[in-house]
Amino acid sequence: MAHFELLLPKMGESVAEATITKWLKEPGDTIEEDEPVVEIATDKVDSEVPSPVSGKLIRQVINPDEVAYVGSVIAIIETDESTAGASQSVTEATAPGTAGIEPRSEAIPGIESLETTTESVAFRNTDHQSSRFYSPLVKSIAAEEGISANELDQISGTGAEGRVTKKDILDFIKKKHQGPAVVASKEPTPVTNTFNRGTTEQPQPAFKQVPPSVSAGDEIIEMDRMRRMIADHMVMSKHVAPHVTSFVEADVTNIVKWRERIKASFEKREGGKITFTPIFIQAVAKAIKDMPMINVSVDGTRIIKHRDINIGMAAALPSGNLIVPVIKNADQLNLVGLTRAVNDLAVRARNSKLQPDEVKDGTFTLTNIGSFGNVMGVPIINQPQVAILAVGAIQKKPAVIETEYGDVIAIRHKMFLSMSYDHRVVDGALGGMFVKKVADYLESWDVNYNI
């Protein structure tokens, strides 16, 4: 018999580590080749790591909620001599599935991406250099509870090599809350606004949420990791960016008629359906080229104007979670290329097959709330972007049409476009003109366009 070292595979250029979330196999279990052994999580997506060999799991090297680095050993598998000569390294392999954020991904229309950070301001303090390593889960809990880096360093870790585990930090929080009560001062403490308009740091709220009452029969559901990430990201975005939303109603009759005419032949030729989404993305990409100051990010008092036009596509997962896969350089793709990219990302998002690099570096987000029958919405900006466009349901409506013989009333296909934008850098004029420009591109669609 031989021992095979299962390594944490490479999951993208920007991913150096992952948290072990759940072992799918226990020591002594038989493993088939390509069978998932463990679930892992990065700050972007969740994945399963399969075994490249058949055998029996001998040892789990990393415990749940602990962090492993790319290329490090996470498990030992006993194999027979015939597979002993197999490569002992899967470092360069790509993690197959990304439980794309537990069906929670990033894309329920109206809620966006999840390029979120679980680190609190305390962990970004350059004055404090800690030699200890903390998992994303531990840092997330510390951030939520307001535990400083100094306090975290004082916690005795029971994990491997003295690492702080989830249980360690929860025990610390429990003891901290049980400490001596602080006598309130009779003099009211003045409330000051500590929000700095020139920073992207998340301000600490000057309030504490009132806990809801729980009645008999109520069900309490603990948020999973991805839902907590989404919640933190949404709250952070509302704190950081003053949101403004502009609305435009667009006449998309030409697009509806054109799609009805070509969709059968397109599907037969390309092997996939053409939806309205790639058409919307193409219009957004064109509008961004006309008004590039929408394609920016804020870094303190600096505005970063992005060269690439990377459009995120919010997608709802079967589990109810969201994910926002990104179409890189969307302006360089024709409609066929955009359609292929949209279909591919949508299918792999639903099947948890996205890679970490495919949900990062977006510069603008589109969310299709019309797929849920919603006519308009007020989406939350997907930080660090400065704008997000929601497209509503297409509806038949009576409308006044100008003709050479005078005004007539006709049945038209209409939809609302709702764009939320960051008022720190996008004023009403630019935001309003941009969403109108997108509508103009949609309304001027050529019904005779050959794809």
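Everything below is about the structure shown above.
Residues numbered from 1 in each chain as written. Predicted model: local features only at pLDDT ≥ 70, side-chain atom pairs only at ≥ 80, totals over all residues. Heavy atoms only, no water.

Novice: In this structure, what is going on with the packing of aromatic side chains? I would like to understand it.
Specialist: Two aromatic rings are characterised by how far apart their centres lie and by the angle between their planes. Counted under the stated rule, the structure contains five aromatic pairs. Look at Trp-258 and Trp-445: their rings are 5.1 Å apart centre to centre, the planes differ by 65 degrees, and that puts the pair in the edge-to-face class. With a gap of 187 residues between them, Trp-258 in helix α6 (residues 253-270) and Trp-445 in the segment after α9 (428-443) connect regions that are remote in the sequence. A single burial state applies to Trp-258 and to Trp-445, both of which are buried. (Phe/Tyr/Trp six-rings, centres within 6.5 Å; stacked < 30°, edge-to-face > 60°. Helix = DSSP H or I, 4+ residues; strand = E, 2+ residues; numbered from the N terminus. Buried < 20%, exposed > 50% of the residue type's maximum accessible area, 1.4 Å probe, protein only.)

Novice: Is there a simple way to explain the sheet that holds strand β2 (residues 17-23) in this structure?
Specialist: Two modes of strand pairing occur in sheets, parallel and antiparallel, and in both the strands are linked by backbone hydrogen bonds. Spatially, β5-β4-β2-β7 is the arrangement adopted by the four strands of the open sheet, whose pairing is antiparallel. Each having just a single partner strand, β5 (46-50) and β7 (67-69) make up the two edges of the open sheet. Strand-to-strand, the axes of this sheet are offset by a mean angle of 45 degrees, without reference to chain direction. As paired elements, β2 and β7 share three bridges and run antiparallel to each other. Across the sheet, residue Thr-19 finds its bridge partner in β7, namely Val-67. (Pairing = 2+ DSSP bridges. Axes fitted to C-alpha atoms, helices over the stretch in contact; angles between N-to-C directions.)

Novice: What am I meant to see in the packing of helix α7 (residues 277-290) against helix α8 (residues 335-350) here?
Specialist: At their nearest, the axes of α7 and α8 sit 9 Å apart, and the two run at 120 degrees to each other. Taken together, the axes of α7 and α8 are oblique relative to one another. Helix-helix and strand crossings are classified by hand; for α7 and α8 the assignment is right-handed. Counting all contacts with α7, which are made through Thr-277, Pro-278, Ile-279, Ile-281 and Gln-282, the residues of α8 involved are Leu-335, Leu-338, Thr-339 and Val-342. Partitioning the contact of α7 with α8 into residue classes produces six nonpolar, three polar and no charged. (Parallel < 35°, antiparallel > 145°, perpendicular 65-115°, else oblique. Left-handed = near helix turned anticlockwise from the far one by under 90°. Contact = heavy atoms within 4.5 Å. Nonpolar A, V, L, I, M, F, W, Y, C, P; charged D, E, K, R; others polar.)

This is a description of form; function is not addressed.
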